Amino acid sequence: MTFCPLTRTIFTPKTSRYYTSATVLDSPFSLLHFLLLSATHESLQLTKQVHARMFLLGLTQNPFLASKLLTSYACFGHITESRTVFHSVKDKSIYLWNSMINGYLRNYSYVEAFDLFCKMGHFNAKPDDFTLATVSKAAAEIRDLNAAKLVHCQSIKNGFVLDIVVSNSLISMYGKCGVFVAMKKVFDEMCERNVGSWNALISGYANIRDWRLAKYLWEVVKNMQIDGMKLDGFTLSSLLPLSSNEGGCDYGRELHCYVLKNELHSSFGSDVHLGCCLIDMYSRSNKILMGRNVFDRMRFRNVYAWTAMINGYVENGDFDEALILFQEMQLNDGIEPNKVSLVSALPACSSYAGLMAGKQIHGYAIRKELSHDVALCNALIDMYSKCGSLNCARQVFENVSFCKDAIAWSSMICGYGLHGKAEEAISLYEQMRLLGNKPDMITVVGVLSACGRSGLVNKGLSIYNSVTNEYGMKPTVEICACIVDMLGRSGQLDHALDFIKTMPVDPGPSVWGALVSASIMHGNLEMQDLAHRFLIQLEPKNPSNYVSLSNLHASSKRWDVVAGLRKMMKERGLRKAPGCSWISINGKTHCFYVADKAHPHFSLIYKILDELIFIMKGAGYPNDFEELTQITSY
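Note that the structure is a prediction, hence the values are computed from the model and not measured. (Residues numbered from 1 in each chain as written. Predicted model: local features only at pLDDT ≥ 70, side-chain atom pairs only at ≥ 80, totals over all residues. Heavy atoms only, no water.)

Details of the overall build of the chain
Moving on, step 1. Counting secondary structure elements, the chain contains 33 helices and two strands.
Moving on, step 2. Going through the 634 residues of the chain one by one, you find that 45% of them count as buried. (Helix = DSSP H or I, 4+ residues; strand = E, 2+ residues; numbered from the N terminus. Buried < 20%, exposed > 50% of the residue type's maximum accessible area, 1.4 Å probe, protein only.)

Quick look at the structure:
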């Protein structure tokens, strides 16, 4: 195979497919050509060969070649080599400075990028528009207002504040820093605006994720159109997440109509990106069928589209459909799941104890060498814990290649707490503290729940006092609910009520709900009635509170109060959803409601249930025990 890179001299690479070795031409143009090839073919080896050839030929001081070389190293994540190339050049051009700053940004080294920008003045290097636009991204990512103001001042000082690209970057920077007054001021002072200017402003407001700003944002969108600008894919992708919140779905539907009317979904890239945003918006608005309609109509579906739809089903509690879609993604479209896909699918296994499906996902992660990913390992620990397989959860936790974060410790401790393994939860909690990891709210809730389920009241109170005194943690409603539950389970109802009266935060439904459960457990009707009334005040639209209080008064034959509560429910349009339980057999989930007769084999199920109740009461055994096994044949 022969290459003629715009020169009469010919070279023949020894391994043409990967360009791992070649007789390199000596001109800077040829070296530049090979640097471009190294990027195209993702060959770090070729980049190193070009670097070595530059050194041998004395071309390391060529600012243009050096700029391209350090950029190539940065693309491969070798920022140390990029820095070496940068410092080796004595006469640094502005392009070299820009390349190094951009290299830091590529590798998420935002502080280093900004520090290098600050050093430019010591070398009499004057920043240009590209420098300021790039470093504004670094200031935005580190959320440093002083850094943002410095970039703004340099933009004014060097006369680039009137540049549209620089001004757009400043708007975006202030938006990410949460300084909306400065953001709007930069926007208002622009002599000329383009679509990017409006998008930066809209994105800044949308990042607040406050649906109450939707009306104001909608006015901004209208003004954008009055100014002669058309909404593009970026505009819509900024607005759609805000439209998924309470009160925003109407705006989301309008945006969907705009997409269809202006055929923004017709292009290859926009179809996927906007489709994912629409699926996410409808899923978060509990309109999963509309999200699925968007998914089915997409012309092209990549792993991100499939993941968005799977995650939508999980968020809406349709775990069967989520796992079916997870399988179809691989079997029908031949798309391999990525880390995010696996993390999205695992909660579907956790929620109905689909241990086998969870193990299959775990096996896939091991085969694809993804088992060291922190988010995935945390999801596996949570899944195994909820499925009751604590040994498997602990094996994932103890994996030496897994760098444990606060979520990992909390997940494992909460897993032990969920199953009442107080000794294990406390031991792991103490181990976490000894290693210098500060417990967070979720960790404390997990270990206190374990203490409550195991009756370790003194130990639980000791942990509560230590986190509030030693770590200065402010007790949350969730932590206080655990204390009330722990005291209530042990029969200390008066102590629990005193704690509620003196707790540092206002008691929420979880706190009074814990007292209700404890009162029922110990048969304290007076305390139960008190807790129920506070629950109704806090959750006037929760029908379960009325039904539970009604049952309490019915047990005391206070029929007038029962009638009043039922009337109140009817007037408020409240109706309690029937209780539901489910079981998964051979990959199919069977759901059963109270007094349910919808199952095709309900008569046999009720017959076996009656016989099981008969056995449980100790009154005898059924005449034909073989009938109990007939259900397995269906």
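A closer look at the packing of helix α28 (residues 493-502) against helix α29 (residues 509-522)
Moving on, step 1. Interaxial distance between α28 and α29 falls to 11 Å at its minimum, and their mutual angle equals 170 degrees. When the axes of α28 and α29 are compared, the pair comes out roughly antiparallel. The segment α28 lies against α29, with L493, A496, L497 and I500 engaging V511, W512, L515, A518, S519 and H522.
Moving on, step 2. Split by residue class, the contact of α28 with α29 holds eight nonpolar, two polar and no charged. (Axes fitted to C-alpha atoms, helices over the stretch in contact; angles between N-to-C directions. Parallel < 35°, antiparallel > 145°, perpendicular 65-115°, else oblique. Contact = heavy atoms within 4.5 Å. Nonpolar A, V, L, I, M, F, W, Y, C, P; charged D, E, K, R; others polar.)

Notes on the pattern of salt bridges
Moving on, step 1. Within this structure, the stated rule accounts for 15 salt bridges.
Moving on, step 2. The shortest N-O distance in the salt bridge between E141 and K176 comes to 3.3 Å. One end of the pair, E141, is in helix α7 (residues 129-142); the other, K176, is in helix α9 (residues 164-177), with 35 residues separating them in the sequence.
Moving on, step 3. Through salt bridges that share partners, E430, R433, K459 and E470 make up one connected network. (Salt bridge = Lys/Arg side-chain N within 4 Å of Asp/Glu carboxyl O.)

A word on the confidence of the model for the chain
Moving on, step 1. With 88% of its residues at a pLDDT of 70 or more, the chain shows a mean pLDDT of 83.
Moving on, step 2. At the low end of the mean pLDDT range in the chain sits helix α31 (residues 543-555), at 72; at the high end sits helix α17 (residues 303-315), at 94.
Moving on, step 3. Contacts from residues 1-24, a stretch scored under 50 in pLDDT, to residues over four places away or in other chains number 39 contacts.
Moving on, step 4. For the stretch residues 620-634, pLDDT sits under 50, and the model shows 17 contacts to residues farther than four places along the chain or on other chains. (pLDDT = per-residue confidence, 0-100.)

Observations regarding α17
Moving on, step 1. Between its first and last C-alpha atoms α17 spans 18 Å; for 13 residues at 1.5 Å apiece the expected length is 18 Å, and the two agree.
Moving on, step 2. Counting buried positions over the 13 residues of α17 gives 10, a clear majority of the element.
Moving on, step 3. Taken together, the buried positions of α17 are occupied by V303, A305, W306, T307, A308, M309, I310, G312, Y313 and V314.
Moving on, step 4. One or two steps after α17, the chain reaches G317, where phi turns positive at roughly 80 degrees. (Expected span 1.5 Å × (residues − 1).)

Comments concerning the packing of aromatic side chains
Moving on, step 1. Applying the stated criterion across every chain yields a total of 11 aromatic pairs.
Moving on, step 2. Their ring planes at 75 degrees and their centres at 6.3 Å tell us that Y108 and Y110 sit as a pair that is edge-to-face.
Moving on, step 3. Accessibility expressed as a relative area gives 19% for Y110, which makes it buried.
Moving on, step 4. Between the aromatic rings of F295 and W306, the centroid separation amounts to 5.0 Å while the plane-to-plane angle is 80 degrees, which identifies the pairing as edge-to-face. Taken together, the residues span a long stretch of sequence, with F295 in helix α16 (residues 288-297) and W306 in helix α17 at a distance of 11 residues.
Moving on, step 5. For F295, a relative accessible area of 1% gives the class buried. (Phe/Tyr/Trp six-rings, centres within 6.5 Å; stacked < 30°, edge-to-face > 60°.)

Side note on a nonpolar patch on the surface
Moving on, step 1. Residues F55, L56 and L57 make up a contiguous nonpolar surface patch of roughly 340 Å² in combined accessible area.
Moving on, step 2. The residue L57 is located in helix α2 (residues 44-57) in this model.
Moving on, step 3. By relative accessible area, which is 32% here, L57 ends up partly exposed. (Patch = residues over 30% accessible without salt bridge, like charges linked within 9 Å, V, L, I, M, F, W, Y side chains within 5 Å. Areas by Shrake-Rupley, 256 points an atom, 1.4 Å probe, with all protein chains shown as cover.)

As for the side chain of T134
Moving on, step 1. Summarising the element assignment, T134 is placed in helix α7.
Moving on, step 2. In contact with T134, other than residues within four places in its own chain, are I101, N102 and L105.

What about the packing of helix α23 (residues 406-418) against helix α24 (residues 422-434)?
Moving on, step 1. Close contact between α23 and α24 brings their axes to 8 Å; oriented N to C, the two are set at 160 degrees. Here α23 lies roughly antiparallel to α24, going by the angle between them. Pair α23 / α24 crosses with left-handed handedness. Residues W409, M412, I413, Y416 and G417 of α23 form the contact with α24, whose own contacting residues are E424, A425, L428, Y429, Q431 and M432.
Moving on, step 2. Residues of the contact of α23 with α24, tallied by class, amount to eight nonpolar, two polar and one charged. (Left-handed = near helix turned anticlockwise from the far one by under 90°.)

Overview of the side chain of S466
Moving on, step 1. Considering the arrangement of structural elements, one finds S466 in helix α26 (residues 457-469).
Moving on, step 2. For S466, the contacting residues outside a window of four places in its chain are Y429 and Y471.

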